[in-house]
Amino acid sequence: MTDYGEEQRNELEALESIYPDSFTVLSENPSSFTITVTSDAGENDETVQTTLKFTYVETYPDEPPLYEIFSQDNLEDSDITDILTLLQQQAEENLGMVMIFTLVTAVQEKLNEIVDQIKKRREEEKRRKEKEAEEAEKVQFHGTPVTIENFLSWKARFELEMTELKRKKMKEEEQSGKCKLTGKQLFETDHNLDTSDIKFLEEAGNNVEVDESLFQDMDDLELDEDDPDFDPAAFGSDED
């Protein structure tokens, strides 16, 4: 007949010697205790940690002990679920033998895997950011490849913008009096000017008034009759 009490006492003594700094007895009847398990140091000496609580049942080790996560540091919820699943699997595989050391060792290995996964995720994230930075740099220095379509689109926008800028500049200079438009510029800005004189003459008909005071009297002009080119007929006479 199996002496369960004896086996449990012997295991407790062994565990206390194996884990002197992390083994803590919570109660003696039933025997309940905790063992803190810490991963190996990862990147930047980062670790993950959990404290496991075990309680012997009367017929342990023929039945698995009760176990739970007593506390934890730096573990995700998914990590806790994985550890509990691992404990269940190991307990079922080791029925009939004292198993606490085996369970703790399995959890220790799992924590080391978690640290490695954290390091791997960080390296992947670092590589992803570096790749994004490289792609952004390529776009910055090489720009967008030129195609016929995007060149024609750019050209149309550019010409439209330049025409608008010229129009605004001419208008501003005209309003400020800094620029007197040439005849060509006037015709370019107002095509109605090329017909304005004709329209004026058509509307006036024969009723165009002439200010005779603008012209000098023939008698007041000093003419040289000895000039071979002098022609009195060209000037008319006062009687006309």
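Here's what I pulled together on the structure shown here. These figures come from a predicted structure and were not determined experimentally. (Residues numbered from 1 in each chain as written. Predicted model: local features only at pLDDT ≥ 70, side-chain atom pairs only at ≥ 80, totals over all residues. Heavy atoms only, no water.)

1. Brief notes about the sheet that holds strand S1 (residues 23-28)
- The four strands are arranged S1-S2-S3-S4 in an open sheet whose pairing can be described as antiparallel. Strand pairing shows two members of the sheet lacking a second neighbour, S1 and strand S4 (66-73), which therefore form its edges. Sheet twist, expressed as the mean angle between neighbouring strand axes with direction ignored, is 20 degrees.
- One ladder, built from seven bridges, connects strand S2 (residues 31-38) with strand S3 (residues 49-55); its direction is antiparallel. (Pairing = 2+ DSSP bridges. Helix = DSSP H or I, 4+ residues; strand = E, 2+ residues; numbered from the N terminus. Axes fitted to C-alpha atoms, helices over the stretch in contact; angles between N-to-C directions.)

2. Brief notes about the environment of Glu 125
- Relative to the helices and strands, Glu 125 is located in helix H3 (residues 100-142).
- With relative accessibility at 32%, the residue Glu 125 sits in the partly exposed group.
- Engagement of the side chain of Glu 125 in a polar contact is seen with the side chain of Arg 128, the distance being 2.4 Å. (Buried < 20%, exposed > 50% of the residue type's maximum accessible area, 1.4 Å probe, protein only. Polar contact = N/O pair within 3.5 Å; in protein donor to acceptor, adjacent residues only side chain to side chain.)

3. Quick look at the pattern of salt bridges
- The final tally for this structure, using the stated rule, is seven salt bridges.
- Put simply, Glu 113 and Lys 110 hold a salt bridge, and the shortest N to O gap is 4.0 Å. Taken together, the positions of Glu 113 and Lys 110, both in helix H3 and three residues apart, correspond to about one turn of that helix.
- Classification of Glu 113 by relative accessible area gives partly exposed; the value is 41%.
- Look at Lys 110 and you get buried, because its relative accessible area is 17%.
- A salt bridge links Arg 128 to Glu 132; its shortest N-O distance comes to 2.5 Å. (Salt bridge = Lys/Arg side-chain N within 4 Å of Asp/Glu carboxyl O.)

4. Examining a nonpolar patch on the surface
- Together, Val 146, Ile 148, Phe 151, Leu 152, Trp 154, Phe 158, Met 162 and Leu 165 make up an exposed nonpolar region whose accessible area comes to about 830 Å².
- You can see Met 162 is positioned in helix H4 (residues 148-176). (Patch = residues over 30% accessible without salt bridge, like charges linked within 9 Å, V, L, I, M, F, W, Y side chains within 5 Å. Areas by Shrake-Rupley, 256 points an atom, 1.4 Å probe, with all protein chains shown as cover.)

5. A short note on the packing of aromatic side chains
- Evaluation of the coordinates by the stated rule reveals seven aromatic pairs.
- Ring centres of Phe 23 and Phe 33 lie 5.3 Å apart, and the angle between their planes is 35 degrees; this geometry places the pair in the tilted category. Of this pair, Phe 23 sits in strand S1 while Phe 33 is found in strand S2, placing the two residues 10 residues apart along the sequence.
- Ring centres 4.6 Å apart and planes at 20 degrees place the aromatic pair Tyr 56 and Tyr 60 in the stacked group.
- Its relative accessible area of 4% is what places Tyr 56 among the buried residues.
- A network of ring pairs unites the aromatic residues Phe 23, Phe 33, Phe 54, Tyr 56 and Tyr 60 as a single cluster. (Phe/Tyr/Trp six-rings, centres within 6.5 Å; stacked < 30°, edge-to-face > 60°.)

6. Thoughts on helix H2 (residues 77-93)
- Between its first and last C-alpha atoms H2 spans 25 Å; for 17 residues at 1.5 Å apiece the expected length is 24 Å, and the two agree.
- Among the residues of H2, those classed as buried are Asp 79, Ile 80, Ile 83, Leu 86, Leu 87, Gln 90 and Ala 91. One face of H2 carries all of its buried residues, which in axial projection span an arc of 130 degrees. Seen from the buried face of H2, the exposed residues on the opposite side, beyond 90 degrees, are Asp 77, Glu 92 and Glu 93. (Expected span 1.5 Å × (residues − 1). Arc of directions from axis to C-beta.)

7. Focus: unusual backbone geometry
- Here the residue pair Asn 29 and Pro 30 is connected by a cis peptide bond, since its omega of 0 degrees sits within 30 degrees of zero.
- Of note, Pro 30 is situated in the loop between S1 and S2.
- The omega torsion across Tyr 60 and Pro 61 is 20 degrees, close enough to zero to call that bond cis.
- Tracing the sequence through the fold places Pro 61 in the loop between S3 and S4.

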